[in-house]
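Residues per chain are reported as follows:
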Amino acid sequence: MSQPPPAPGPGTRHPSDPGTRHLSAPAPNPSRTDALPPLASGPGGPDALRPLLDTVLDALAAGSGERGGPLPAGGPEAVATRVADALGDVLPDTGDPDALRTLVQVLAAGAADPADPLCAAHLHCPPLAVATAADLAASALNPSLDSWDQAPAASALEAAVARTLARTAGLADALVTTGGTESNHLALLLAREAHGGGVRLVHGAGAHHSLPRAAWLLGLPDPVVIPTPNGTLDPAALDQALTALPGPLLVAATAGTTDAGLIDPLPEIAGLCTAHGARLHIDAAYGGGLLFSDRHRDKLAGLEAAHTVTLDLHKLGWQPVAAGLLAVARPHELAVLHQRADYLNADDDTEAGLPDLLGRSLRTTRRPDILKIAVTLKTLGRGGLGALVDQVCARAREFAALIREHPGFELYDRPVISTVLFRPAGADDTAVAAVRRRLLHEGRAVLGRARLDGRLWLKATVLNPHTRPDDLAHLLKLAELAEGSTPG
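For the structure given in this document, a descriptive report is provided here.

What counts, and at which threshold
Residues numbered from 1 in each chain as written. Predicted model: local features only at pLDDT ≥ 70, side-chain atom pairs only at ≥ 80, totals over all residues. Heavy atoms only, no water. Buried < 20%, exposed > 50% of the residue type's maximum accessible area, 1.4 Å probe, protein only. Helix = DSSP H or I, 4+ residues; strand = E, 2+ residues; numbered from the N terminus. Contact = heavy atoms within 4.5 Å. Pairing = 2+ DSSP bridges. Salt bridge = Lys/Arg side-chain N within 4 Å of Asp/Glu carboxyl O. Axes fitted to C-alpha atoms, helices over the stretch in contact; angles between N-to-C directions. Parallel < 35°, antiparallel > 145°, perpendicular 65-115°, else oblique. Left-handed = near helix turned anticlockwise from the far one by under 90°. 1 Å grid on protein atoms, 1.4 Å probe; cavity = no way out; pocket = protein on both sides within 12 Å on 5 of 7 lines; lining within 4 Å. Points joined across faces, edges and corners; volume = space filled by probe spheres on them. Nonpolar A, V, L, I, M, F, W, Y, C, P; charged D, E, K, R; others polar.

Focus on helix α4 (residues 99-109)
Working note: α-helix, 3.6 residues per turn, so residues spaced by three or four point in the same direction.
Then, number 1: All of the buried residues along α4 are V104, Q105, V106, A108 and A109.
Then, number 2: If you follow the buried residues of α4, they end up packed against α2 (45-67) and α3 (75-87).

Digging into the pairing of strand β10 (residues 448-452)
Then, number 1: The alternating pattern of β10 places G448, A450 and L452 on a buried face, while none of R449 and R451, on the opposite face, is buried.
Then, number 2: Here β10 runs beside strand β11 (residues 455-461); their pairing, made up of 5 bridges, is antiparallel. The residue bridging L452 from the neighbouring strand is R455, located in β11.
Then, number 3: Hairpin connection of β10 to β11: 2 residues between the antiparallel strands, including D453 at a positive phi of 55 degrees.

Things to note about the pattern of salt bridges
Then, number 1: Counted under the stated rule, the structure contains 25 salt bridges.
Then, number 2: Between D369 and R367 there is a salt bridge, with the nearest N and O atoms lying 2.8 Å from each other.
Then, number 3: Classification of D369 as buried rests on a relative accessible area of 4%.
Then, number 4: In this structure R367 comes out as partly exposed when scored by relative accessible area, which is 29%.
Then, number 5: Between E480 and K477 there is a salt bridge, with its nearest N and O atoms 3.6 Å apart. Of this pair, E480 and K477 are both found in helix α15 (residues 469-485), 3 residues apart, which corresponds to roughly one turn of the helix.
Then, number 6: Look at E480 and you get partly exposed, because its relative accessible area is 29%.

What to know about the packing of helix α6 (residues 152-168) against helix α13 (residues 370-405)
Then, number 1: Between α6 and α13, the least distance of the axes is 9 Å, while the angle of their chain directions is 55 degrees. Relative to α13, the element α6 lies oblique. The way α6 lies across α13 gives a crossing that is left-handed. For the pair formed by α6 and α13, the contact residues are A154, L157, E158, V161, A162, L165 and T168 on the first element and I370, L371, I373, A374, L377 and R382 on the second.

Regarding the layout of surface pockets
With a probe scaled to a water molecule rolled over the atoms, the places where space remains empty come into view.
Then, number 1: In this model, the largest pocket occupies a volume close to 1,100 Å³.
Then, number 2: Considering the residues around the largest pocket, the lining is formed by 47 residues, among which C125, P127, Q319, P320 and V321 are closest to the centre.
Then, number 3: Here the lining of the largest pocket is composed, by residue class, of 23 nonpolar, 17 polar and 7 charged.
Then, number 4: Considered as a void within the structure, the second largest pocket measures approximately 310 Å³ in volume.
Then, number 5: Contributing to the lining of the second largest pocket are 17 residues, with A205, G206, D259, R451 and L452 lying nearest its centre.
Then, number 6: For the lining of the second largest pocket, the class distribution of residues is 6 nonpolar, 8 polar and 3 charged.

Description of the sheet that holds strand β2 (residues 200-204)
Strand pairing in a sheet relies on backbone hydrogen bonds, with the paired strands running either antiparallel or parallel.
Then, number 1: Strand order in the open sheet formed by 7 strands is β1-β7-β6-β5-β4-β2-β3, and the pairing between neighbours is mixed. Whereas interior strands pair on both sides, the edge strands pair on one side only; in this sheet they are β1 (173-177) and β3 (224-226). Within this sheet the neighbouring strands show an average axis-to-axis angle of 20 degrees, counted without direction.
Then, number 2: Pairing analysis gives 3 bridges linking β2 to β3, with the strands arranged parallel. Residue pairing for β3: G204 is matched across the bridge by I226.

Now the structure itself:
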């Protein structure tokens, strides 16, 4: 009768370790394993990735050169045709070994490149190289933050970094989200549950669209919309509404509106919420990055009075998408997110000390977006990030000054953060919209649009810290030429 193999001694690798093999185990069949595509992680991962990264970088450079500007020329039909030509058969019978180069190049050639100073329409930042490199590591390792045994180090990293960012905002803890929309949805969910399943949202007319949509998704009453003269929530009108409305109420203020980057009067709003017993949520998806800046942090005074705060570091944080957080003042309220799934957080496992991650998100499978954030915070520090914030805010003010001095353009107002609204002097809304579309179609510049005070404005959002004054002058010149060549 054969004896079982001896137990491995100190320094001996376990028989199941890939580095060892039972003498009786069959040797692997090279004809089967050699044909398998390599993995991104594991011992062979780095060697497999290196040549592929060269391919990607070369394709990015080629595609950018082919585009030759902030976005591809020709409009949607031309771009779709180029993509279709490069893609061909989406699922061929036989694979194409050149697909990586081909598709990365066509994507780069057809991109709206946020690193181009003339691509300034949206809250769409050019990501930092160090953050993008960290994101590659996250993709290669592929942890999933729905149970500790899938992400041991990532779960510890997320807990520490999220708590630090929450405390930077004056709150206690934070959940990592995909961005402002998910954060706002979570904020309303926590408010609903804190009030026993019912709360009514009160927000300004300039609030982000995700707030009323979240109220609808959560089955809450129709929100009450408060006037926003000059683009910000009116405290007097809010006071009247809070006095007249039955509770419980959730007031949503905004620190950095999508249209103009305006900040509601947060201290006054916080005081009214306290006086009326209303809950306060602040959507600081855009403006939250001002916390890094000694020069601009005071614009967020009152943030610490909120029950919940939306933060978003793929805006004024220069992270690859996605990099959102919801900071909370009362961590015990997160208990309502708790779910039990025996295969992920069995009672005996949590009692034995394994962390329970299911209550940290509405999602189950969740990538470690915290890694790129942590690497950025550690690499640049508060001072380095603050310098980037100061840079883009200063460039926005310079652009506003150029517009103010130009007789052919009208400036909406001095920028509060880094968004500048302007329009050709004397043009109607139809002409303003045509200027933007002409620049897009020709691939010359990417400007946004915003409607304030009943008029349509061109919008430039400066999020590229490498933007130079002559880039801004060129952007204004392009808008002038487009306006002059647009039929009246």
